[in-house]
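# Examining the three-dimensional arrangement
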Amino acid sequence: MSTIFAPSSGLPPAAISVIRISGPDAFAAARALAGGLPVPREARLRTLRDPASGDHLDSALVLVFPAPNTATGEDLVELHVHGGRAVIAAVEAALARQPGLRRAAPGEFTRRALTNGRIDLAEAEGLGDLLSAETELQRRAALAMADGTLSRQIADWRTTLLGLAARLEASLDFSDEADVDPVLLDGIRDEARAVASAIESSLSAPAVERLRDGIRVVLAGPPNSGKSTLLNALARREAAIVSPIAGTTRDRIEVPVSRAGIPFLLTDTAGLRDSAGDTIEAIGIDRASQAIAVADIVLWLGDQAPPEERMLPLHARADVAGRENMPNGAMLAVSAETGSGVEQLWELLVDRSASLIPGASDMALNQRQRAHCQEALEALNDLDASDELVVADSLRRANIALARITGDVGIEAMLDALFSRFCIGK
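Residues numbered from 1 in each chain as written. Predicted model: local features only at pLDDT ≥ 70, side-chain atom pairs only at ≥ 80, totals over all residues. Heavy atoms only, no water.

By volume, the largest pocket amounts to about 520 Å³. Forming the boundary of the largest pocket are 20 residues, of which Arg20, Phe109, Thr110, Leu127 and Leu131 lie nearest the centre. Every element with two or more residues in the lining of the largest pocket is listed here: β1 (3–7), α3 (108–115) and α4 (121–132). Per element, the largest residue contribution to the lining of the largest pocket is 4 residues, and it comes from α3. (1 Å grid on protein atoms, 1.4 Å probe; cavity = no way out; pocket = protein on both sides within 12 Å on 5 of 7 lines; lining within 4 Å. Points joined across faces, edges and corners; volume = space filled by probe spheres on them. Helix = DSSP H or I, 4+ residues; strand = E, 2+ residues; numbered from the N terminus.)

Rendered as structure tokens:
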């Protein structure tokens, strides 16, 4: 296997940049630049020189981590160099000239950690979310995943199901002349149903994509109803063009905003009206309808009743003369010009979002993980079958589905071998 290197810290320029080297030639390459290596896991200051020319590259802290107890499971070296672009480029160029070394592909350090068993697939996904987290809720959910919260839960479920499978297998081994003990089979069913109930509870929690992508809040209404002005007030910047000319907004304008630690994606849309004579505006209205269809929350700014019951009616432009009185049905009067009602609107949005995002005690599953949990749950639906072979196959398929969540694919062959002789027929 080749030895890889790449910066593992943020983009330069910065005060310090960490260049990571991982693989069988990591120590030799670092020694060629630093002249000597410190004892493992002790940082020491070393002068880095280009082995080819002897040129002074930088003064750096060098740390050495022998395999297998490293981030990647391989021999690993960290060079803590000054974070200027030229310094990093010079050190990387010198490393690239070393035998057996190449620049790491995107995500390759994490891939090697996964391959070498340092983390599992669910933890790797959590690490990716943690690196991109921008809000407190995103950080908490990602940290729980990266720390193995889901992996431990999956392991508990699989331990239970594997134990039940072993008990059923033992019973099947001695059932040539008699059926499996009904009391034993009922007990196996009850314990497996408890696992199914726990999986179902996890699936009932909101998906992690709401934390990653944001709660989709769409501002809808007729032209000149104040949508763009309100969007700018909520975003606290001039994100959308505001004009007294009806139909100024022709396309969707999306603005990510964080409030109370919750990520939101605010969407301004074209005014809804009959636009048969304007092809471009018709396209904008169609896109507005599409945005409304997939929105989590729709704010209706029209004076008339909203076309859909799920829309939240607002009394917009409350500062305009003649609009002081809030009409019946409107939930809140807002004025983007004066700021009146904007904070109350944010409180309303945060409150409505509480049921749309994972809570502190929820396992925030992503789409892939939810699909495998659903697969396991569907497999356990066969627990009530009268044929014990079908029950055995149900446990087998549920275990395989859960194993896919953590990337523990090796267990699949074992399970197939374990139950193949029972599930062909007897």
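What follows covers the sheet that holds strand β8 (residues 253–259). Sheet strands pair via backbone hydrogen bonds, and the direction of the pair is either parallel or antiparallel. Strands sit in the order β8-β9-β7-β10-β11-β12 across an open sheet of 6 strands; the sheet is mixed. Edge positions in the open sheet fall to β8 and β12 (332–333), since each of these has one partner strand only. Summarising the sheet, β8 and strand β9 (residues 262–268) pair through 7 bridges and their orientation is antiparallel. Of the residues in β9, the one forming a bridge with Pro256 is Leu265. Set on the sheet, helix α10 (residues 279–294) makes contact with β7 (215–220), β9 and β10 (297–300); between it and β7 the angle comes to about 140°. (Pairing = 2+ DSSP bridges. Contact = heavy atoms within 4.5 Å. Axes fitted to C-alpha atoms, helices over the stretch in contact; angles between N-to-C directions.)

Another aspect to go through is helix α13 (residues 388–406). A rise of 1.5 Å per residue sets the reference length of α13, with its 19 residues, at 27 Å; its end C-alpha atoms lie 28 Å apart and thus fit the reference within 8%. One side-chain oxygen of the residue at the start of α13 lies 2.8 Å from the amide nitrogen of Leu389, identifying that residue as Asp387. Of the residues one or two after α13, Gly407 is the one with positive phi, at around 75°. (Expected span 1.5 Å × (residues − 1). Polar contact = N/O pair within 3.5 Å; in protein donor to acceptor, adjacent residues only side chain to side chain.)

Across the interface, helix α7 (residues 182–204) lies against helix α12 (residues 367–380) with an axial gap of 10 Å and an inter-helix angle of 150°. Taken together, the axes of α7 and α12 are roughly antiparallel relative to one another. Between α7 and α12 lies a crossing whose hand is left-handed. Here Ala192, Ala196, Ile199, Glu200, Ser202 and Leu203 of α7 lie close against α12, whose contacting residues are Arg370, Cys373, Gln374, Ala376, Leu377 and Leu380. Looking at the contact of α7 with α12, its residues break down into 8 nonpolar, 2 polar and 2 charged. (Parallel < 35°, antiparallel > 145°, perpendicular 65-115°, else oblique. Left-handed = near helix turned anticlockwise from the far one by under 90°. Nonpolar A, V, L, I, M, F, W, Y, C, P; charged D, E, K, R; others polar.)

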